[in-house]
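Notes for the structure review
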Amino acid sequence: MTKTVRQREKEDYLGTMYAMKRKDHQIIKAEIARELGVSAAKVDRLSRELTEEGYLQRDGSRGLFLTPFGLSKGQEWMERKRCLTEFLCLVSGVDRSLAQENACAIEHILDERVLMGIRMFMQSRHTYSYTMRESDLNLMFPEGKREFPAAFFEKGISHPRILSEEYWDFEKKAKAVICRESFLYLCPAAEKTEIRALEYSEKDRWERAVREKNGFAVPARALHCILRQSGRISEGTVPIRTLKENGQWHECILAVSLI
């Protein structure tokens, strides 16, 4: 049986609030309205109803907070959307943004038995490997700073892989900052000063990586994450190219171990 429009709105509202809370983001009603594409008046009305139902509470400054019950339900609905998005990416081959758009449209009309079947499939898909695009490291790792082993391989050669010249140009670890929008930082080796610029491939376009004090910043969303037969994400890859002092660009594949 399909859910009522009001029930769907409440689930979207709580899922959005939980995502904000999980990323240590202040819950702001105006931002929820923008995220869901609804009016401020509708957000106010839903807030009152969800407060009466025990999902939300207010403090003395009229700030909104999820109750333990609201946190539990928000997590459940956010994870359901995430699972359905990954499933659509897997079976259709579309990019993550389109899969997420469709997941939002159909999640509320699916029978719970269908959703349970999808969950079980995604948890036990151990007969093959596949690639996930536009993965969010924030969903895989807690927020903060991490380091991941990194290597650089020649483009178009996979069996066996061959290290590219960039392997000696950069440090062997990528520094990651995991937050609302996660980045990997590639730091040139101390003795290598000839890297003038670095670009990464995203959606078949070359984008310039900003050079910061931590190194060249590559957004985590550009990674293609490989899910192995064990069901765990093991590696993220992205095509990059570097500009040397000789004015020549050289393309290679950056591989980051996420185990």
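Details of the structure are given in the entry above.
Computed from a predicted structure; not experimentally measured.

This paragraph deals with the overall build of the protein. Of regular secondary structure, the protein possesses 7 helices and 14 strands. Split into buried and exposed, the 259 residues of the protein put 41% on the buried side. Here the contacts in the protein between residues at least 6 apart in sequence split such that 58% fall between residues at least 24 apart. Carbon and sulfur atoms make up 51% of the accessible area of the protein, which totals about 14,300 Å².

Glancing now at helix 6 (residues 112–123). Taking 1.5 Å per residue as the helical rise, helix 6 with its 12 residues ought to reach 16 Å, and the 16 Å between its terminal C-alpha atoms agrees with that figure. Listing the buried residues of helix 6 in full gives Leu-115, Ile-118 and Met-122. Projected down its long axis, helix 6 carries its buried residues within an arc of 60 degrees, all on one side. Residues of helix 6 that are exposed and point over 90 degrees away from its buried face: Arg-113 and Gln-123. Backbone nitrogen of Arg-113 and a side-chain oxygen of the N-cap are separated by 2.7 Å at the start of helix 6; the cap is Asp-111.

This brings us to the packing of aromatic side chains. Scanning the model with the defined rule gives 7 aromatic pairs in all. Ring centres 4.7 Å apart and planes at 20 degrees place the aromatic pair Tyr-55 and Phe-69 in the stacked group. Residue Tyr-55 is found in the loop between helix 3 (40–52) and strand 1 (56–58), and its partner Phe-69 is found in helix 4 (residues 68–92); the two are separated by 14 residues along the sequence. Overall, Tyr-55 belongs to the buried group, its relative accessible area being 12%.

Quick look at the packing of helix 4 against helix 6 now. Their axes nearest at 10 Å, the elements helix 4 and helix 6 cross at an angle of 65 degrees. Judged on the interaxial angle alone, helix 6 and helix 4 are roughly perpendicular. The chirality of how helix 4 crosses helix 6 is left-handed. Counted together, Arg-80, Cys-83, Leu-84, Glu-86, Phe-87 and Leu-90 of helix 4 and Glu-112, Leu-115, Ile-118, Arg-119, Phe-121 and Met-122 of helix 6 form the full contact between these two elements. Here the contact of helix 4 with helix 6 is composed, by residue class, of 8 nonpolar, no polar and 4 charged.

Okay, the pattern of salt bridges next. For the coordinates displayed, the defined rule picks out 21 salt bridges. In this structure, the salt-bridge partner of Arg-82 is Glu-79, at a minimum N-O distance of 2.9 Å. Here Arg-82 and its partner Glu-79 are both found in helix 4, 3 residues apart, which amounts to about one turn of the helix. Judged by relative accessible area, Arg-82 falls into the partly exposed class, the value being 31%. In this structure, a network of salt bridges that share partners links the residues Glu-11, Asp-12, Arg-80, Lys-81 and Glu-107.

Let us look at the pairing of strand 6 (residues 173–178). Side chains Ala-174, Ala-176 and Ile-178 of strand 6 all project onto a buried face; the interleaved residues Lys-173, Lys-175 and Val-177 project onto a face where none is buried. Across 3 bridges, strand 6 lies against strand 7 (residues 183–186) in antiparallel orientation. Pairing of Val-177 across the sheet is with Phe-183, part of strand 7. Taken together, strand 6 and the strand that follows it, strand 7, pair antiparallel across an intervening segment of 4 residues.

Here 4 bridges tie strand 7 to strand 11 (residues 215–219), and the two strands are oriented antiparallel to one another. Within strand 11, the residue paired with Leu-186 across the bridge is Phe-216.

About the criteria used
Residues numbered from 1 in each chain as written. Predicted model: local features only at pLDDT ≥ 70, side-chain atom pairs only at ≥ 80, totals over all residues. Heavy atoms only, no water. Helix = DSSP H or I, 4+ residues; strand = E, 2+ residues; numbered from the N terminus. Buried < 20%, exposed > 50% of the residue type's maximum accessible area, 1.4 Å probe, protein only. Contact = heavy atoms within 4.5 Å. Areas by Shrake-Rupley, 256 points an atom, 1.4 Å probe, with all protein chains shown as cover. Expected span 1.5 Å × (residues − 1). Arc of directions from axis to C-beta. Polar contact = N/O pair within 3.5 Å; in protein donor to acceptor, adjacent residues only side chain to side chain. Phe/Tyr/Trp six-rings, centres within 6.5 Å; stacked < 30°, edge-to-face > 60°. Axes fitted to C-alpha atoms, helices over the stretch in contact; angles between N-to-C directions. Parallel < 35°, antiparallel > 145°, perpendicular 65-115°, else oblique. Left-handed = near helix turned anticlockwise from the far one by under 90°. Nonpolar A, V, L, I, M, F, W, Y, C, P; charged D, E, K, R; others polar. Salt bridge = Lys/Arg side-chain N within 4 Å of Asp/Glu carboxyl O. Pairing = 2+ DSSP bridges.

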